[in-house]
Amino acid sequence: MPRDVVPRGALRALVLAALAEGAQHGYALARRLEERARGTLKIREGSLYPALHELELEGAIEAAWTRAPDGRRRRVYSLTRAGRRVAKTERAEWLAVADMLRALLGA
Amino acid sequence: MSEELARFVASLAIPEDRKAVVLAELSDHVACARESAARDGRDPDAAARAALGDLAALRRSLEAVEPAFRVSRWHAIARGAVASLVIALLIDRLGSLWLGSIAVLASLAVAVVAAPPRTRELLRAELRVKRVPIGPALAYLFTVISGPFVVWIALIVERGLVQGITHCDVPWSAFAVNWACWLLLIVEAIRARVLQVA
């Protein structure tokens, strides 16, 4: 059963990490994260788009309009220079938290 | 589904220009879900309906974030500059009335009323992130902290040069907004740090 509640702040780190690999639109981003989690995670759209918009407000990511193959408008997100630094920091912090939990709870 | 989505977005309490962005984005999301389901041999209509999940939760989240797009850094600085001017003149005229309490209350009210929408939430988001350029909330606070002093210095210089007044009284009320802003910054910075550690 996939988890659909991501710990506070972790969704930001996941989104930033996924965008560090290249620009993506919301749906592709969600599916990529879910594929990576191998069925253990379900990204809720109710959290994904607000998280994307919050990161955009903070200047960590930027959005550009493109067209899907059928011509509909599509917003593609990419990391800004500041966002790349934030992505690195957040990744390191969450990996440290994961290591700590593994040590405390047992692998 | 597209009509339902359009109705949902139209009913959101967010700026009008953001409604167009949200509608285009969610429509693309639903269309992607439909295409993906068709490719995998699943029911595209069911996939489209499931794609957006809990609409009430989506509404709450979007209505919390989107209004902040109204505010740019320059917009916040302009609001801060106007508030600073009003605060400086209020303190200058009413600073000594009732030991300055009227001026303090009035200037704090001006600072709150002139603040961009969702300043506190924006401030929390800005303080949570490391090494991102100063956002609208911090820009507003720093403008309100420093702006009144710029006006007072101009007033002192003008009175000295034009009216020959060479002394000035500095009432404690002149620092009230300044202290309130720093207090807010310290409290929110500690909160952001504690939440990060927790």
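Scoring rules and cut-offs
- Residues numbered from 1 in each chain as written.
- Chains lettered and ligands numbered in written order.
- Predicted model: local features only at pLDDT ≥ 70, side-chain atom pairs only at ≥ 80, totals over all residues.
- Heavy atoms only, no water.
- Helix = DSSP H or I, 4+ residues; strand = E, 2+ residues; numbered from the N terminus.
- Buried < 20%, exposed > 50% of the residue type's maximum accessible area, 1.4 Å probe, protein only.
- Contact = heavy atoms within 4.5 Å.
- Areas by Shrake-Rupley, 256 points an atom, 1.4 Å probe, with all protein chains shown as cover.
- Pairing = 2+ DSSP bridges.
- Core = buried A, V, L, I, M, F, W, Y, C linked by side-chain atoms within 4.5 Å.
- pLDDT = per-residue confidence, 0-100.
- Expected span 1.5 Å × (residues − 1).
- Bend = angle between axes of the 7 residues up to and from the residue.
- Patch = residues over 30% accessible without salt bridge, like charges linked within 9 Å, V, L, I, M, F, W, Y side chains within 5 Å.
- Salt bridge = Lys/Arg side-chain N within 4 Å of Asp/Glu carboxyl O.
- Buried area = accessible area lost by both parts, 1.4 Å probe.
- Polar contact = N/O pair within 3.5 Å; in protein donor to acceptor, adjacent residues only side chain to side chain.
- Nonpolar A, V, L, I, M, F, W, Y, C, P; charged D, E, K, R; others polar.

Visitor: Help me understand the overall build of chain B, please; the structure alone is not making it clear to me.
Guide: The helix and strand inventory of chain B stands at nine helices and zero strands. Helices (α) and strands (β) of chain B occur, in sequence order from the N terminus, as α-α-α-α-α-α-α-α-α. Burial statistics for chain B: of 198 residues in total, 41% are counted as buried. At a minimum sequence separation of 6, the contacts of chain B that also span at least 24 residues come to 70%. Split by element, the accessible area of chain B, about 10800 Å² in all, is 66% carbon and sulfur.

Visitor: Sorry, what's going on with the sheet that holds strand β2 (residues 61-67) of chain A here?
Guide: Backbone-to-backbone hydrogen bonds join strands into a sheet, with any given pair of strands oriented parallel or antiparallel. Residue and element names in this part refer to chain A. Judged by pairing direction, the sheet is antiparallel, and its three strands sit side by side in the order β1-β3-β2 without closing on themselves. Single-partner strands in this sheet number two, and they are β1 (24-25) and β2. Two elements, β1 and strand β3 (residues 73-79), share two bridges in a ladder whose sense is antiparallel. Counterpart to Gln24 in the pairing with β3 is Tyr77.

Visitor: When you look at the nonpolar core in this model, what are you seeing that I'm missing?
Guide: One recurring pattern in soluble globular proteins: nonpolar side chains tend to sit buried together. Membership of the largest hydrophobic core comes to 34 residues, with the highest contact counts inside it found for A:Val15, A:Leu16, A:Leu19, A:Leu48, A:Leu52, A:Ile61 and B:Leu26. Elements represented by at least two residues in this core include exactly α1 (10-19), α2 (26-36), α3 (45-58), β3 and α4 (81-105) of chain A together with α1 (2-10), α2 (16-40) and α4 (55-65) of chain B. Discounting residues that sit within four places of it in the chain, A:Ile61 has contacts with A:Leu16, A:Leu19, A:Leu52, A:Leu55, A:Glu56, A:Tyr77, A:Ser78, A:Leu79 and A:Thr80. Counting 28 residues, the second largest nonpolar core, distinct from the first, contains B:Ile91, B:Ala103, B:Ala174 and B:Val177.

Visitor: Is there a simple way to explain the confidence of the model for chain A in this structure?
Guide: If pLDDT is low for a region, its predicted coordinates should not be looked at in detail. Here chain A averages 86 in pLDDT, and 93% of its residues register 70 or above. Model confidence for chain A, summarised as mean pLDDT per element, is weakest for α3(A) at 85 and strongest for β1(A) at 94.

Visitor: Could you clarify how one ought to interpret helix α8 (residues 136-163) of chain B in this entry?
Guide: Each turn of an α-helix holds 3.6 residues, which means side chains three or four residues apart point in the same direction. All names here are of chain B. With 28 residues, α8 should reach 40 Å at 1.5 Å per residue; the first-to-last C-alpha distance of 38 Å fits that figure. Of all the bends in α8, the greatest reaches close to 30 degrees and is centred on Ser146; the proline Pro148 follows between one and four positions later. Immediately beyond the C-terminal end of α8, within one or two residues, lies Gly164, with a positive phi of roughly 75 degrees.

Visitor: Just checking my understanding: could you explain a nonpolar patch on the surface for this structure?
Guide: All names here are of chain B. On the surface, a nonpolar cluster with roughly 550 Å² of combined accessible area is contributed by Ile134, Phe142, Trp182, Ile186, Ile190 and Val194. Ranked by residue count, the leading element in the nonpolar patch is helix α9 (residues 176-197), at four residues. Considering the arrangement of structural elements, one finds Phe142 in helix α8.

Visitor: Got a minute to help me understand the interface of chain A and chain B in this structure?
Guide: Size of an interface: often given as the accessible area lost when the parts come together. Taken together, the 26 residues of chain A in the interface contact 32 residues of chain B. Summing both sides of the interface, chain A and chain B together bury roughly 2600 Å²; the carbon and sulfur share of this comes to 58%. At the boundary of chain A and chain B, one finds three salt bridges. In this structure, A:Arg72 engages B:Asp28 in a salt bridge whose closest nitrogen and oxygen atoms are separated by 2.6 Å. Our count for the contact surface shared by chain A and chain B stands at eight residue pairs in polar contact (both at pLDDT 80 or more). Listed by contribution, the elements that provide at least two residues to the side of chain A that touches chain B are α3, β3 and α4 of chain A. Broken down by element, the residue count for the side of chain A that touches chain B peaks at nine residues, all from α3(A). Along the lines of polarity and charge, the residues of the side of chain A that touches chain B split into nine nonpolar, four polar and 13 charged.

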